[in-house]
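# Results of the structural survey
If you want the building blocks of each chain, they are given just below.
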Amino acid sequence: MGQALARLFHSVQLRVEAFASAQEFLRRTRPDVPSCLVLDVRLPGLSGLDFQAELIKADVRIPIVFITGHGDISMTVRAMKAGAVDFLAKPFRDQDLLDAVATAVQRDRQRREHENVVADLRTRFARLTPREREIMALVAAGLMSKQIAARVELSETTVKVHRSHIMKKIGARSVPDLVRMAGALGVEPTRSQHEA
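Residues numbered from 1 in each chain as written. Predicted model: local features only at pLDDT ≥ 70, side-chain atom pairs only at ≥ 80, totals over all residues. Heavy atoms only, no water.

### Here we look at the packing of aromatic side chains
This is how the line gets drawn: Stacked, tilted and edge-to-face are the three classes assigned to paired rings of Phe, Tyr and Trp, where Trp is represented by its six-membered ring and a pair needs centres within 6.5 Å; plane angles under 30 degrees give stacked, over 60 edge-to-face, the rest tilted. Strands here are runs of E lasting at least two residues and helices are runs of H or I lasting at least four, both read from the DSSP assignment and numbered beginning at the N terminus. Note on exposure labels: buried denotes an accessible area under 20% of the residue type's maximum, exposed denotes more than 50%, and partly exposed covers the range between, all computed with a 1.4 Å probe on protein chains only.
For the structure shown, the criterion picks out 3 aromatic pairs. Here the aromatic rings of F19 and F25 are separated by 5.0 Å at their centres, their planes lie at 85°, and the arrangement is edge-to-face. Ring centres of F66 and F87 lie 5.8 Å apart, and the angle between their planes is 40°; this geometry places the pair in the tilted category. A residue pair is termed long-range when its members are at least 10 positions apart, and F66 in strand β2 (residues 64-68) and F87 in strand β3 (residues 86-89) qualify at 21 residues. By relative accessible area, F87 is classed as buried at 11%. Connected via pairs of aromatic rings, a cluster forms that spans F19, F25 and F51.

Dropping the structure here:
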(Lines give C-alpha, C1' and ligand atoms only; values in the text may rest on other atoms or scores of the structure.)
Protein backbone atom coordinates (compact mmCIF):
# COMPACT_ATOMS: atom_id res chain seq x y z
CA MET A 1 0.00 0.00 0.00
CA GLY A 2 2.83 2.44 0.86
CA GLN A 3 4.46 2.26 -2.58
CA ALA A 4 1.11 2.70 -4.32
CA LEU A 5 0.43 5.83 -2.25
CA ALA A 6 3.93 7.16 -2.94
CA ARG A 7 3.37 6.71 -6.70
CA LEU A 8 0.00 8.47 -6.43
CA PHE A 9 1.52 11.46 -4.61
CA HIS A 10 4.51 11.61 -6.97
CA SER A 11 2.07 11.67 -9.92
CA VAL A 12 0.83 15.07 -8.72
CA GLN A 13 4.32 16.37 -7.85
CA LEU A 14 4.01 15.96 -4.08
CA ARG A 15 7.20 15.20 -2.16
CA VAL A 16 6.81 11.95 -0.23
CA GLU A 17 8.64 10.38 2.68
CA ALA A 18 7.63 6.94 3.91
CA PHE A 19 8.20 5.72 7.45
CA ALA A 20 8.16 2.09 8.56
CA SER A 21 6.88 2.95 12.05
CA ALA A 22 5.73 5.75 14.32
CA GLN A 23 9.11 5.65 16.08
CA GLU A 24 10.96 6.13 12.78
CA PHE A 25 8.81 9.17 12.02
CA LEU A 26 9.64 10.69 15.42
CA ARG A 27 13.38 9.98 15.06
CA ARG A 28 13.73 11.66 11.67
CA THR A 29 14.13 15.37 11.15
CA ARG A 30 11.18 16.56 9.14
CA PRO A 31 11.58 19.31 6.53
CA ASP A 32 10.34 22.72 7.65
CA VAL A 33 7.68 23.04 4.95
CA PRO A 34 3.89 22.77 4.85
CA SER A 35 3.09 19.07 5.02
CA CYS A 36 0.73 16.41 6.29
CA LEU A 37 0.86 12.88 7.60
CA VAL A 38 -1.13 10.11 5.91
CA LEU A 39 -1.58 7.62 8.70
CA ASP A 40 -3.09 4.15 8.78
CA VAL A 41 -5.16 3.39 11.85
CA ARG A 42 -3.36 0.06 12.12
CA LEU A 43 0.37 0.54 12.61
CA PRO A 44 3.03 -1.86 13.86
CA GLY A 45 3.07 -1.40 17.63
CA LEU A 46 1.25 1.83 18.47
CA SER A 47 -2.15 2.34 16.81
CA GLY A 48 -2.58 5.31 14.49
CA LEU A 49 -5.02 6.90 16.95
CA ASP A 50 -2.59 6.46 19.85
CA PHE A 51 0.20 7.88 17.69
CA GLN A 52 -1.98 10.91 16.97
CA ALA A 53 -2.34 11.41 20.74
CA GLU A 54 1.46 11.10 21.17
CA LEU A 55 2.05 13.73 18.48
CA ILE A 56 -0.33 16.11 20.25
CA LYS A 57 1.49 15.53 23.58
CA ALA A 58 4.85 16.16 21.87
CA ASP A 59 3.46 19.36 20.26
CA VAL A 60 4.14 18.02 16.76
CA ARG A 61 1.52 19.96 14.84
CA ILE A 62 1.22 18.22 11.53
CA PRO A 63 -2.22 17.70 9.99
CA ILE A 64 -3.24 14.05 9.73
CA VAL A 65 -5.28 12.22 7.11
CA PHE A 66 -6.28 8.79 8.39
CA ILE A 67 -6.81 5.82 6.11
CA THR A 68 -8.16 2.49 7.30
CA GLY A 69 -9.60 -0.79 6.20
CA HIS A 70 -11.01 -1.41 9.66
CA GLY A 71 -12.52 1.84 10.81
CA ASP A 72 -15.72 2.42 12.70
CA ILE A 73 -17.69 5.46 13.77
CA SER A 74 -16.06 5.74 17.20
CA MET A 75 -12.57 5.70 15.61
CA THR A 76 -13.63 8.36 13.13
CA VAL A 77 -15.09 10.55 15.88
CA ARG A 78 -11.97 10.14 18.06
CA ALA A 79 -9.64 11.02 15.17
CA MET A 80 -11.66 14.04 14.06
CA LYS A 81 -12.11 15.39 17.61
CA ALA A 82 -8.32 15.22 18.00
CA GLY A 83 -7.91 17.34 14.87
CA ALA A 84 -7.60 14.91 11.95
CA VAL A 85 -8.33 16.51 8.59
CA ASP A 86 -10.08 13.43 7.19
CA PHE A 87 -10.74 9.75 7.88
CA LEU A 88 -10.98 7.65 4.72
CA ALA A 89 -12.17 4.04 4.72
CA LYS A 90 -10.60 1.67 2.19
CA PRO A 91 -11.30 1.32 -0.61
CA PHE A 92 -11.29 5.06 -1.27
CA ARG A 93 -10.92 6.93 -4.52
CA ASP A 94 -7.45 8.31 -5.28
CA GLN A 95 -9.01 11.74 -5.79
CA ASP A 96 -10.58 11.68 -2.32
CA LEU A 97 -7.17 11.06 -0.79
CA LEU A 98 -5.51 13.72 -2.95
CA ASP A 99 -8.22 16.22 -1.96
CA ALA A 100 -7.77 15.40 1.73
CA VAL A 101 -3.99 15.79 1.46
CA ALA A 102 -4.37 19.11 -0.38
CA THR A 103 -6.69 20.37 2.38
CA ALA A 104 -4.23 19.20 5.08
CA VAL A 105 -1.23 20.83 3.41
CA GLN A 106 -3.17 24.09 2.96
CA ARG A 107 -4.20 23.98 6.64
CA ASP A 108 -0.54 23.51 7.63
CA ARG A 109 0.52 26.37 5.34
CA GLN A 110 -2.03 28.69 6.97
CA ARG A 111 -0.94 27.62 10.48
CA ARG A 112 2.69 28.35 9.61
CA GLU A 113 1.81 31.74 8.13
CA HIS A 114 -0.20 32.62 11.24
CA GLU A 115 2.68 31.55 13.51
CA ASN A 116 5.08 33.72 11.48
CA VAL A 117 2.76 36.72 11.80
CA VAL A 118 2.44 36.19 15.56
CA ALA A 119 6.23 35.75 15.92
CA ASP A 120 6.74 39.05 14.07
CA LEU A 121 4.14 40.71 16.31
CA ARG A 122 5.92 39.38 19.42
CA THR A 123 9.17 40.90 18.18
CA ARG A 124 7.50 44.29 17.69
CA PHE A 125 5.68 44.01 21.03
CA ALA A 126 9.01 43.35 22.77
CA ARG A 127 10.19 46.78 21.57
CA LEU A 128 7.47 48.53 23.57
CA THR A 129 8.36 50.01 26.94
CA PRO A 130 6.59 48.57 30.00
CA ARG A 131 4.37 51.68 30.13
CA GLU A 132 3.47 51.30 26.42
CA ARG A 133 2.57 47.63 27.01
CA GLU A 134 0.36 48.65 29.92
CA ILE A 135 -1.39 51.30 27.83
CA MET A 136 -1.75 48.96 24.84
CA ALA A 137 -3.54 46.44 27.08
CA LEU A 138 -5.92 49.12 28.32
CA VAL A 139 -6.62 50.42 24.80
CA ALA A 140 -7.30 46.83 23.69
CA ALA A 141 -9.66 46.43 26.66
CA GLY A 142 -11.75 49.27 25.21
CA LEU A 143 -10.81 52.12 27.53
CA MET A 144 -10.75 55.68 26.23
CA SER A 145 -7.64 57.86 26.65
CA LYS A 146 -9.29 59.78 29.50
CA GLN A 147 -10.07 56.54 31.38
CA ILE A 148 -6.56 55.21 30.78
CA ALA A 149 -5.07 58.47 32.03
CA ALA A 150 -6.99 58.16 35.28
CA ARG A 151 -5.93 54.51 35.73
CA VAL A 152 -2.23 55.02 35.11
CA GLU A 153 -2.07 58.49 36.64
CA LEU A 154 -0.87 60.33 33.54
CA SER A 155 -2.33 63.22 31.61
CA GLU A 156 -4.66 62.41 28.75
CA THR A 157 -2.20 64.10 26.36
CA THR A 158 0.64 61.85 27.56
CA VAL A 159 -1.56 58.77 27.07
CA LYS A 160 -2.33 59.91 23.51
CA VAL A 161 1.41 60.35 22.82
CA HIS A 162 2.08 56.84 24.17
CA ARG A 163 -0.77 55.45 22.07
CA SER A 164 0.69 57.09 18.96
CA HIS A 165 4.11 55.55 19.69
CA ILE A 166 2.50 52.15 20.28
CA MET A 167 0.65 52.30 16.95
CA LYS A 168 3.88 53.10 15.08
CA LYS A 169 6.06 50.55 16.88
CA ILE A 170 3.57 47.70 16.59
CA GLY A 171 2.52 48.60 13.04
CA ALA A 172 -1.20 49.08 13.72
CA ARG A 173 -3.11 51.23 11.23
CA SER A 174 -6.13 51.75 13.51
CA VAL A 175 -7.38 51.02 17.01
CA PRO A 176 -9.36 47.95 15.79
CA ASP A 177 -6.13 46.74 14.16
CA LEU A 178 -4.32 47.24 17.48
CA VAL A 179 -7.07 45.34 19.31
CA ARG A 180 -6.71 42.39 16.87
CA MET A 181 -2.95 42.39 17.41
CA ALA A 182 -3.38 42.47 21.19
CA GLY A 183 -5.77 39.52 20.91
CA ALA A 184 -3.28 37.54 18.81
CA LEU A 185 -0.60 38.26 21.41
CA GLY A 186 -2.86 37.48 24.37
CA VAL A 187 -2.32 40.98 25.78
CA GLU A 188 -4.74 41.81 28.57
CA PRO A 189 -4.70 44.35 31.38
CA THR A 190 -3.28 42.96 34.61
CA ARG A 191 -5.48 42.70 37.71
CA SER A 192 -3.65 45.58 39.35
CA GLN A 193 -4.44 47.77 36.34
CA HIS A 194 -8.15 46.91 36.68
CA GLU A 195 -8.07 47.65 40.38
CA ALA A 196 -6.07 50.90 40.08
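### Points about the pattern of salt bridges
What counts is decided by this rule: Here, a salt bridge means any Lys or Arg side-chain nitrogen found within 4 Å of an Asp or Glu carboxyl oxygen.
What the rule picks out here adds up to 18 salt bridges. Two residues, E17 and R28, come together in a salt bridge whose shortest N-O distance is 3.1 Å. Here R28 lies in the loop between α2 (22-27) and β1 (37-40) and E17 lies in the loop between α1 (2-11) and α2, a separation of 11 residues in the sequence. Looking at E17, the relative accessible area reads 33%, which means it is partly exposed. Look at R28 and you get partly exposed, because its relative accessible area is 34%. Note that K160 is salt-bridged to E156, the shortest N-O span being 3.7 Å. One end of the pair, K160, and the other, E156, are both in helix α8 (residues 156-170), 4 residues apart, so they sit about a helical turn from each other. Given the relative accessible area of 45%, K160 is considered partly exposed. What emerges from the salt-bridge pattern is a single network uniting D32, D59, R61, D108, R111, R112 and E115.

### Focus on α1
What counts here: It is the directions from the helix axis to the C-beta atoms that the arc portrays. Residues are treated as being in contact if the distance between any of their heavy atoms lies within 4.5 Å.
Considered for burial, the residues of α1 that qualify are L5, A6, L8 and F9. Looking straight down α1, one finds its buried side chains confined to an arc of 160°; they lie on one side. In α1, the exposed positions angled more than 90 degrees off the buried face are occupied by Q3 and R7. On its buried face, α1 sits against β1, β2 and α5 (94-126). Remark: Q13 follows α1 within two positions and exhibits a positive phi of approximately 60°.

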